[in-house]
Protein chains: 2
Amino acid sequence: MLINELSKKTGISIHTIRFYEKSGLIEGKQDPSVKSNNYFHYDEVTMEKLEFISDAKSVGFTIKEIGQIIDAWYNRKYTKKEKLEILDDKLISLEQKMKEIKEMKKQILQFKDDVVNDRC
Amino acid sequence: MLINELSKKTGISIHTIRFYEKSGLIEGKQDPSVKSNNYFHYDEVTMEKLEFISDAKSVGFTIKEIGQIIDAWYNRKYTKKEKLEILDDKLISLEQKMKEIKEMKKQILQFKDDVVNDRC
DNA sequence: TACAACAGTAGAGTATAGTCTATAGTTGAT
DNA sequence: ATCAACTATAGACTATACTCTACTGTTGTA
């Protein structure tokens, strides 16, 4: 599919898709048999990746981190061991985020308690 | 205490503290009896706030959101009802973040599984 | 064949959250 | 009195992650 369709299917703007492509997160392919244009074609894997990127962004991963995870999954540039190291590293950082969120919940519940009991 | 001491005690740079002050998150007080300088003085509550800001930033709250929470706790500009609304809103967004992190964990565990079983 | 809708590249602009520099005045120990 | 270390203000600069504009070329339907 071309970028317009990809954009419509994922809900991610064409500009942002191009930004992700320049950032190395996704990659379209040009058809060498077509010489009249330089249109890029995208497949289902790219759609998968874009959905992953959206999810990963909302948990606070940076583009760089997302790139690492994508490479650990879709790429051949790492050994098995390296891939597992990257993914384990991200799991640890998710555990850390989870812990921080739980702490923040406690803190805000405490704030609520203070408000209810007129301690502020 | 003056800004240097505040910075040392909280581990937040003087520049960043000033940035937070300009952003309305914290507020130093000038001593009206001292006319020779315009130094700002900070108290324990400011330290508390700065610690809260650090925690809130790491769970992904923006400066604006952090400002709302701080105002809901330390400020008199909202009614009790408004304060509780703001805090409940933040609790909901924390629940949402937790859900997203759990999903992301599942996804990355799946990636690991794929790597281990040579499916990628 | 005209032309709207699409494709690409390059680069400028925006928002957020700092981070740093320049300048000028103040304080406190020697 | 000197001077290092501090303080304040204003504004420039940086990184991240977009978002938009300008420009040019292509495709497909009327």
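Here the structure is a predicted model, which is why all the values come from computation and not from measurement. (Residues numbered from 1 in each chain as written. Chains lettered and ligands numbered in written order. Predicted model: local features only at pLDDT ≥ 70, side-chain atom pairs only at ≥ 80, totals over all residues. Heavy atoms only, no water.)

As a matter of local geometry, DNA strand C sits amid 17 residues, with Arg18(A), Phe40(A), His15(B), Ser36(B) and Asn37(B) nearest to it. Restricting the count to atoms of DNA strand C within 4 Å of the protein gives a sugar and phosphate share of 75%. Within the contact set of DNA strand C, a phosphate oxygen lies 2.6 Å away from a side-chain nitrogen or oxygen of Ser36(B). Contact between DNA strand C and Lys57(B): a phosphate oxygen at 3.2 Å from a side-chain N or O atom of the residue. At the level of elements, helix H1 (3–10) of chain A together with helix H2 (14–22) of chain B are the ones that each hand at least two residues to the surface near DNA strand C. With four residues, the single largest contributor to the surface near DNA strand C is H2(B). Of the residues assigned to the surface near DNA strand C, the class counts are eight nonpolar, seven polar and two charged. (Near = heavy atom within 4 Å. Polar contact = N/O pair within 3.5 Å; in protein donor to acceptor, adjacent residues only side chain to side chain. Helix = DSSP H or I, 4+ residues; strand = E, 2+ residues; numbered from the N terminus. Nonpolar A, V, L, I, M, F, W, Y, C, P; charged D, E, K, R; others polar.)

For the rest of this paragraph, the subject is the relation of the copies chain A and chain B. Once turned by 180° and shifted 0.0 Å along the axis, chain A lies on chain B with an RMSD of 0.0 Å. In the structure described here, the two chain copies are related by an operation that fits a two-fold rotation axis. A share of 100% of interface residues in chain A that are also interface residues in chain B marks the association as one of identical surfaces. (Least-squares fit on C-alpha atoms with pLDDT ≥ 70 in both. Contact = heavy atoms within 4.5 Å.)

A word on the domain arrangement of chain A. Annotation of chain A at the domain level lists domain 1 (1–61) and domain 2 (78–120). Distance between the C-alpha centres of domain 1 of chain A and domain 2 of chain A: 31 Å. (Domains from an automatic or database assignment.)

This part takes up the interface of chain A and chain B. Of the residues lining the interface, 35 residues belong to chain A; the matching set on chain B comes to 35 residues. Here chain A is connected to chain B by six salt bridges. The interface formed by chain A and chain B holds 10 residue pairs in polar contact (both at pLDDT 80 or more) in total. Counting residues per element, the ones that place at least two in the side of chain A that touches chain B are helix H3 (44–58), helix H4 (63–74) and helix H5 (80–116) of chain A. Here the element with the most residues in the side of chain A that touches chain B is H5(A); it accounts for 24 residues. In terms of residue class, the side of chain A that touches chain B is made up of 20 nonpolar, two polar and 13 charged. (Salt bridge = Lys/Arg side-chain N within 4 Å of Asp/Glu carboxyl O.)

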